[in-house]
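So the chains spell out like this:
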Amino acid sequence: MSDQYFTPQPTADGSQTFFSEEFNELFHSHFGAKQESYFKYVVPTLLIEKAQLPVLRLLDVCYGLGYNTATAMQKIWEVNPNCYIEVIGLELNPKVSQAAIKHNLFDSWNPDLVNILATLAFEHQIQTEKLKATLVIGDAREKINQVYQSAFKADAIFLDPFSPPQCPHLWTIEFIKLVSLCLQPDGLLATYSCAAAVRTALLNAGLSIGATTPIGRKTPGTIAGFSLNSSPHLLCLSQQEKEHLQTRAAVPYRDSTLIDSPSVIIKRRESEQQASNLEPTSHWRKRWQIVN
């Protein structure tokens, strides 16, 4: 995919994003790419509170343009300039982050941070006195196992693939289980998705889940961890959300070999939903008067 496919799209907070023709979705909501990274990923994972630690490790699943990692590094170093950060980013298409640099999407940011992002985009690794970052290129289903085998344990995981209907292979029971194995015992995983199938997969991985404040859309995100401590950024699941997890929408995506195509994964889930004894999701929608 050439750079011509990456045309900057303005968002409400003044930052820019791209539109993916492959997945037919924007990389970020219209609300704002930078604000989304901060409120959906950095804030819920308590990185600002944890920034006083000498070392923080981040796993960015679907690195994309680099906003989530960039925002995390910026906010951590604002609190503690001496914090040593280790980052592993997983990304299928290296041209995305390269295009973000070529189109000067980070030009209003700290120049030192922009240099880090540029090196990471084009060389896929950088090491300084306070940073070790690696951008791992390839299918995240294969690469996540390498991360696990390396014994990397993240304090924060950003789970940010395209939506489940467009990118089901990165929301499966099997993939999310591997992702969870790369989380510190007291670490936190954040995602923008509140899909019942995604939350089922997180629960199946042994994680507790909560909701995060809706940002840029009506629906909340999800925070997960092996032990969710009380946090001002964590919302308990509403009765509506709890009941959603008892409907056919909660039937998860499955990919036992981690190599199936999206269409096969979707068809498998549809078959499982049809055979399920769970409440039809349409009944839940009607009960809660959900139009969309």
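Look up: the structure comes first, before these words.
Presented here is a report on the structure given in the accompanying data block. The model shown is predicted, which means the values in this text are computed figures rather than measured ones.

### Some details on the sheet that holds strand β11 (residues 208-212)
Then, in step 1: An order of β7-β8-β6-β5-β9-β10-β12-β11 is seen for the eight strands of this open sheet, with the pairing classed as mixed. Of all strands in the sheet, those bounded by a partner on one side alone are β7 (125-128) and β11. The sheet shows a mean angle of 15° between the axes of neighbouring strands, taken without regard to direction.
Then, in step 2: In the sheet, β11 pairs with strand β12 (residues 221-225) via five bridges, with the strands oriented antiparallel.

### So, helix α3 (residues 67-79)
Then, in step 1: With 13 residues, α3 extends 18 Å between its outermost C-alpha atoms, agreeing within 8% with the 18 Å of an ideal straight helix rising 1.5 Å per residue.
Then, in step 2: Counting buried positions along α3 yields ten of 13 residues, so the element is predominantly enclosed.
Then, in step 3: Among all positions in α3, only Tyr67, Asn68, Thr69, Ala70, Thr71, Ala72, Met73, Gln74, Ile76 and Trp77 are buried.

### Quick word on helix α10 (residues 262-275)
Then, in step 1: End to end, α10 covers 20 Å across 14 residues, agreeing with the expected 20 Å (1.5 Å per residue, within 8%).
Then, in step 2: Taken residue by residue, α10 has Ile265, Arg269 and Gln273 as its buried positions. The arc that holds the buried residues of α10, viewed along the axis, is 70°, so those residues lie on one side. For α10, the exposed residues set more than 90 degrees away from the buried face come down to Lys267, Gln274 and Ala275.
Then, in step 3: Where α10 is buried, its residues contact α6 (140-149) and α8 (196-204).

Cut-offs applied
Residues numbered from 1 in each chain as written. Predicted model: local features only at pLDDT ≥ 70, side-chain atom pairs only at ≥ 80, totals over all residues. Heavy atoms only, no water. Pairing = 2+ DSSP bridges. Helix = DSSP H or I, 4+ residues; strand = E, 2+ residues; numbered from the N terminus. Axes fitted to C-alpha atoms, helices over the stretch in contact; angles between N-to-C directions. Expected span 1.5 Å × (residues − 1). Buried < 20%, exposed > 50% of the residue type's maximum accessible area, 1.4 Å probe, protein only. Arc of directions from axis to C-beta. Contact = heavy atoms within 4.5 Å.

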